[in-house]
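A look at the structure
One letter stands for each residue in the lines below.
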Amino acid sequence: MQPLELTPFQALRRSVGMVFQAAPQELRNLALLNLLTGTGPSISLFLSKVIIDEASRVVEQGGVSNPLSYILAEPKLLWSIAIALGLNLIVDSVDSVGTTLFAALRDRVQGYGRGRVLEKVAYFDDIALFETPALLNLLELSEKGLERLQRLSFIVAATLMGIFTFLPSVIVSVSIAAWIPAVLLAASIPSILVEIRHHRKSWRVEETQAGITRKMSIYAKTIISEDFAKEVRLFSLQNVLLERWRSLFNQMFTKMAQVRQDGAWTVMIWALVGGVGVAFPYVYVVMGVLAGTFTLGDLALYTGILLQLRRSLYLLIAHTGDIYDVSLATAPIFQLLDLQPQLHTGSQRLCPPAIAEPDRQGIQVRDLSFTYPGAHQPTLKAIDFDIKPGEMVALVGENGAGKTTLAKLLCRLYDPTAGSIYWNGQNLKTLTLDELRSRLGVVMQDYARFPATLRENVGWGYFPQMKTDTAIYAVLQKAGIEQLATTLEQGLETPLGKQLEEGVDLSGGQWQRVAIARALMRLTQVELLVFDEPTAALDPKNEHEIYRIFRTIAQNRMSVVVSHRLALAKLCDRIVVLEQGQIIEQGSHEQLMALAGRYYTMFSRQASSYL
Ligand SMILES: Nc1ncnc2c1ncn2[C@@H]1O[C@H](COP(=O)(O)OP(=O)(O)OP(=O)(O)O)[C@@H](O)[C@H]1O
């Protein structure tokens, strides 16, 4: 699963496309506003020229006794003054409208871009996305890209402004001499190129720093997350974590500061050279006035227009570099959006067991091997076992033997590297993921504690029944925590988790039972139950109660239980013993005890430690 390369031009085209898709209305309104505020000053300058020329003519002729009547009697002068003043007033007063429109544009673009990224990640079935460093870096970089997308909305707005200011200025300056805009443009080209080079260099550095930024956020999260808060304090880890974060920050900052510093000087020097380009046309106009070719009004107009032309050019140039920067920085967003999972949904529905041949009913794991993405050694090797209809299978073995990995493969969170898993004779890969997952009831070892209400934490197990109180109470009762809903002040609507306002935190055991209740919600649909360490957070009394519940709900269903508690394994129809990714024994409790192999040793050791 490799991200595809994108050229800066492709990224820019797609980023601009995204801005237009995100906020067409805001862009149209901003364009109209910029048309007004961009062309307004040029029109004002032109009107000022008319006023100055008229005033100099009157002054040359000795002035007038009643200036007000003169103005009122001269429509050209009167209208020029009125429109120039009116335009200035409008341009000044719509400033706040521009700020509001721009804020709306920026927020829309940000929301749209983030929404697309979240949607992609949320529906990305291949969880390798969260486990492969290169892809995690892509996620980190796309976060930066989203910040730059906001910047792009600013650039688009400013470029519109620049163009609307630039065009009338060019038209007027061409009327002085056609070479003026050409000289200004030529003088600006070096600084455009320097800006582009500078941005390319600083982005390259940022790109190579993505791993560092990700590590920084890992340490930052360790410091601020509740999950670590207790142990960080109990083991006094603050210093070591802060030090690591600081040293990574300094490493990144020094590198970036160096690039920025080198670039800033070059950019400044070339901007000065560009500024010298303004001097030629300016001197040319002053000389023209002295020679009588231009009027005083022309001088005022040309002075204003030249500065405006320079300013608008500078705006456009400053953004040329930014545009390049945006095109480099937003590429990861599109690389992420284009990312194709290796795990694809199939298209078939699951056949009922009755349709399958008797020896193909249930689940068959055949010659399965699995290597985690990026790992060098296989975690599972040549795994072969069956789960017959209605059978309860225990996966046991030492830490790291591969039990959870096998359970994850049965849920198709990964595909086997070699070999296959069949369900009623159908390869798991041929089934639609929605269909497959609707048939699974899963409680994972690292079950989720959703920051949501008790009803949602349970009801998200099966949406159609989420609003049905009786259904929720029934599973809470099965999981042995029906009293939770009555003791909590807001009952089922109580927010769970301290991150939420008025949120209530539960004990580890309670959370685990909530996760069990969630899996039980879809029990009527479920054909395979997968429980990974389902009693890890429970005390022995509760553990036994849960075992009893499992036996009841697992009746007539296939179930797989991963557990270190061999008392639970003993209740299962078949026990599969894993060691270093391979099955070393399998059979019923009695058979394995009679075998007097690894299971026998493990069971005897555990039984004696309970005495
Ligand atoms: N996401 C992952 N990426 C890479 N390697 C992994 C990943 N998850 C687990 N492993 C590796 O696979 C091996 C088996 O892990 P697994 O969690 O399946 O073992 P387990 O038998 O369930 O262990 P435990 O009893 O401790 O839960 C371990 O060596 C572990 O380091």
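Conventions used here
- Residues numbered from 1 in each chain as written.
- Predicted model: local features only at pLDDT ≥ 70, side-chain atom pairs only at ≥ 80, totals over all residues.
- Heavy atoms only, no water.
- UniProt positions renumbered as here; feature names shortened; annotations may be inferred.
- Helix = DSSP H or I, 4+ residues; strand = E, 2+ residues; numbered from the N terminus.
- Axes fitted to C-alpha atoms, helices over the stretch in contact; angles between N-to-C directions.
- Parallel < 35°, antiparallel > 145°, perpendicular 65-115°, else oblique.
- Left-handed = near helix turned anticlockwise from the far one by under 90°.
- Contact = heavy atoms within 4.5 Å.
- Nonpolar A, V, L, I, M, F, W, Y, C, P; charged D, E, K, R; others polar.
- Near = heavy atom within 4 Å.
- Polar contact = N/O pair within 3.5 Å; in protein donor to acceptor, adjacent residues only side chain to side chain.
- Areas by Shrake-Rupley, 256 points an atom, 1.4 Å probe, with all protein chains shown as cover.
- Core = buried A, V, L, I, M, F, W, Y, C linked by side-chain atoms within 4.5 Å.
- Buried < 20%, exposed > 50% of the residue type's maximum accessible area, 1.4 Å probe, protein only.

The name given to the chain in an unreviewed UniProt entry is ABC transporter ATP-binding protein, and the organism recorded there is Almyronema epifaneia S1.

**As for the UniProt feature "transmembrane region" (unreviewed entry) in the chain**
As annotated by UniProt and renumbered to match this structure, "transmembrane region" (unreviewed entry) occupies residues 152-170, 176-194 and 263-283. Annotation note: span residues 152-170, helix share 100%, strand share 0%, distance between end C-alpha atoms 25 Å. Annotated as 89% helix and 0% strand, the span residues 176-194 places its first and last C-alpha atoms 30 Å apart.

**Notes on the packing of helix α5 (residues 95-122) against helix α6 (residues 133-176)**
At a closest axis distance of 9 Å, the pairing of α5 and α6 adopts a crossing angle of 155 degrees. Taken together, the axes of α5 and α6 are roughly antiparallel relative to one another. The handedness of the crossing between α5 and α6 is right-handed. Residues Phe102, Leu105, Arg106, Val109, Gln110, Gly113, Arg114, Val117 and Val121 of α5 lie in contact with α6, whose contacting residues are Leu139, Glu143, Leu146, Leu149, Gln150, Ser153, Phe154 and Ala157. Of the residues in the contact of α5 with α6, the class split is 10 nonpolar, 4 polar and 3 charged.

**Some points on the site of the ligand**
If you check the shell around the ligand, you find 14 residues, and the closest are Gly400, Lys403, Thr404, Thr405 and His564. At a separation of 2.8 Å, an oxygen atom of the ligand approaches a polar side-chain atom of lysine 403. Histidine 564 is positioned with one of its side-chain polar atoms (N or O) 2.8 Å from an oxygen atom of the ligand. In the complex, 64% of the free accessible area of the ligand, which totals 640 Å², lies under the protein chains.

**Side note on the nonpolar core**
Within the largest apolar cluster, 49 residues are counted, with the highest numbers of intra-cluster contacts made by Val396, Leu454, Val458, Leu476 and Tyr599. In this view, valine 458 contacts Ile472, Val475, Leu476, Val514, Ala517, Arg518 and Met521; residues no more than four positions away in its chain are not counted. If you look at the next biggest cluster of nonpolar residues, it comprises 34 residues, including Leu101, Val109, Val326 and Phe334.

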